[in-house]
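Structure assessment
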Amino acid sequence: MIKDIQQEIIRLKKEKDICILAHCYQSPEILEVADFTGDSFALSVEASKVENRTVIMCGVRFMAETVKILSPGKTVFLANPSAGCPMAEMMDKEVISIVKEQYPDYTVVAYINTTSDLKTVCDVCVTSSSALKICSKVDNTNILFIPDCNLGDWISKQLPEKNFKLLNGGCPTHARMSVNDVKSAKQKHPDALFLVHPECTPDVVELADYVGSTTGIMDFAKKSSEKEFIIGTENSIVTHLQMACPDKFFYPLSKDCICHNMKATTLVDVLNCCKGVSGEEIILDENTYKGARKCIDEMIRLG
């Protein structure tokens, strides 16, 4: 039955000239019908290059908004309208505008995991893989990093010449993992390398053998000569790595590291979105588009 649904999705996307994007936290059956898979910003860039006039994002809302920002002339759908991101939604434009008044001499650096509306009052965007490089190039010693204080802390420790101001925000899924989880996993798998996402808390990150973005973790594990790995990010990555490298062993740091928003999108959601009977079209007003695009363009300019 899964194969039948997949074949119908493939037929419809060809018939209707649809490009399907799937974040790597999506399930394997969705990744198999996607035109591009990977991290959120990379997917948005790929979507901007294709000729397809319609794009479906299998991910969460801020990701679909980023696709629309980079491809304003295309019709962009979020496959499951309920798929949000707690981190992206925990700070808004009004709150950060007030904080900016308190710290007027700070450059506001926004993680890509923010709403398009919030990006309009920020100076530059970063991804987890580009944050260190972009922050090092910001022409200001003072940086207000939002919303993820864990990623901000990791970057700040590598840039002691910069003065970072961090707010209390972050990813609930990654923050759920603890030092005790690391100790327990290491006890069970003493020969395994520990690979972690910088959205985890600082005490967990300090214990890692490698720290990097989701795709960074996957690339490291695939290229490594080691055979065992403890994965400190969303547990779907364990599944994907097991399938990509069946000769290696991958263990979740915690069975509770599940992003329920990412899991909200199902293969049938993708099918119905292709049919035009579900999903939500992403609409951004001109001021939001221009303001958010400026923030992203500055990231691109800085490398």
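In this text, all values refer to a predicted model and were calculated from it rather than measured experimentally.

Glancing now at the packing of aromatic side chains. Taken as a whole and judged by the stated rule, the model has 3 aromatic pairs. On the basis of an interplanar angle of 75 degrees and a centroid distance of 5.3 Å, the ring pair of tyrosine 103 and tyrosine 106 is categorised as edge-to-face. Using a relative accessible area of 24% as the deciding quantity, one classes tyrosine 103 as partly exposed. In this structure tyrosine 106 comes out as buried when scored by relative accessible area, which is 15%. With a centroid separation of 5.4 Å and an interplanar angle of 15 degrees, the aromatic rings of phenylalanine 229 and phenylalanine 250 are classed as stacked. Of the two residues, phenylalanine 229 sits in strand β11 (residues 228-232) while phenylalanine 250 sits in strand β12 (residues 249-252), which places them 21 residues apart along the sequence. In this structure, phenylalanine 229 and phenylalanine 250 share a single accessibility class: buried.

Next up on the list: the environment of glycine 38. With respect to the element layout, glycine 38 can be found in strand β2 (residues 36-38). With 154 residues separating them in the primary sequence, glycine 38 and alanine 192 have C-alpha atoms 25 Å apart. Among residues more than four places away in sequence, those in contact with glycine 38 are Ala22, His23, Cys24, Leu43 and Thr215.

Here we take up the pattern of salt bridges. Any two side chains of opposite charge can pair if their charged atoms end up close together. All chains considered together, the criterion is met by 12 salt bridges. The partner of lysine 157 in a salt bridge is aspartate 153, and the shortest N-O contact between them spans 3.0 Å. Within this pair, lysine 157 and its partner aspartate 153 are both found in helix α9 (residues 149-158), separated by 4 residues, close to a single helical turn. With a relative accessible area of 18%, aspartate 153 lands in the buried category. When the shortest N-O distance is used, the salt bridge between arginine 293 and aspartate 297 registers 2.7 Å.

Here we take up the pairing of β11. Along β11, 4 of the 5 residues are buried, which leaves the element largely enclosed by surrounding structure. In this structure, strand β9 (residues 193-196) lies alongside β11, joined through 4 bridges in parallel fashion. The residue of β11 that forms the bridge with leucine 193 is phenylalanine 229. Bridge count between β11 and β12: 4 bridges; the pairing is parallel. Bridge assignment links phenylalanine 229 to a residue of β12, and that residue is phenylalanine 250. For the handedness criterion, the β-α-β arrangement of β11, helix α14 (residues 236-244) and β12 is classed as right-handed.

Attention shifts here to helix α15 (residues 267-275). Every buried residue of α15 is listed here: Leu267, Asp269, Val270, Leu271, Cys273 and Cys274. Where α15 is buried, its residues meet α1 (2-15), β1 (18-23), α2 (28-31), β3 (54-58) and β4 (75-78). Looking one or two places after α15, you find glycine 276, whose phi comes out positive at around 90 degrees.

Core analysis: the largest hydrophobic core is formed by 89 residues, its most contacted members being Ile146 and Ile231. Element by element, the count of residues in this core is highest for helix α4 (residues 61-70), at 6 residues. The contacts of isoleucine 146, once residues within four sequence positions are left out, are Met91, Ile96, Val108, Val109, Ala110, Tyr111, Leu118, Cys122 and Leu167. Core analysis: the second largest hydrophobic core is formed by 18 residues, Ile9, Ile18, Ala22 and Val33 among them.

The next subject is unusual backbone geometry. The amide bond that connects isoleucine 146 to the next residue, proline 147, takes the cis arrangement and shows omega of -10 degrees. With respect to the secondary-structure elements, proline 147 resides in the loop between β7 (142-146) and α9.

Let us look at the pairing of β7. For β7, a buried count of 5 out of 5 residues is recorded, marking the element as mostly surrounded by other parts of the structure. Neither face of β7 is exposed, since Asn142, Leu144 and Ile146 on one face and Ile143 and Phe145 on the opposite face are all buried. When strand β5 (residues 107-111) meets β7, the two strands line up parallel, connected through 4 bridges. Residue pairing for β7: valine 109 is matched across the bridge by phenylalanine 145.

Another aspect to go through is the sheet that holds β12. With parallel pairing, 4 strands are arranged side by side in an open sheet as β10-β9-β11-β12. Looking at strand neighbours, the two that pair on one side only are β10 (210-211) and β12, the edges of this open sheet. α14 contacts β11 and β12 of the sheet and is inclined by roughly 175 degrees relative to β12.

What counts, and at which threshold
- Residues numbered from 1 in each chain as written.
- Predicted model: local features only at pLDDT ≥ 70, side-chain atom pairs only at ≥ 80, totals over all residues.
- Heavy atoms only, no water.
- Phe/Tyr/Trp six-rings, centres within 6.5 Å; stacked < 30°, edge-to-face > 60°.
- Buried < 20%, exposed > 50% of the residue type's maximum accessible area, 1.4 Å probe, protein only.
- Helix = DSSP H or I, 4+ residues; strand = E, 2+ residues; numbered from the N terminus.
- Contact = heavy atoms within 4.5 Å.
- Salt bridge = Lys/Arg side-chain N within 4 Å of Asp/Glu carboxyl O.
- Pairing = 2+ DSSP bridges.
- Right-handed = clockwise from strand over helix to strand, strands pointing away.
- Core = buried A, V, L, I, M, F, W, Y, C linked by side-chain atoms within 4.5 Å.
- Axes fitted to C-alpha atoms, helices over the stretch in contact; angles between N-to-C directions.

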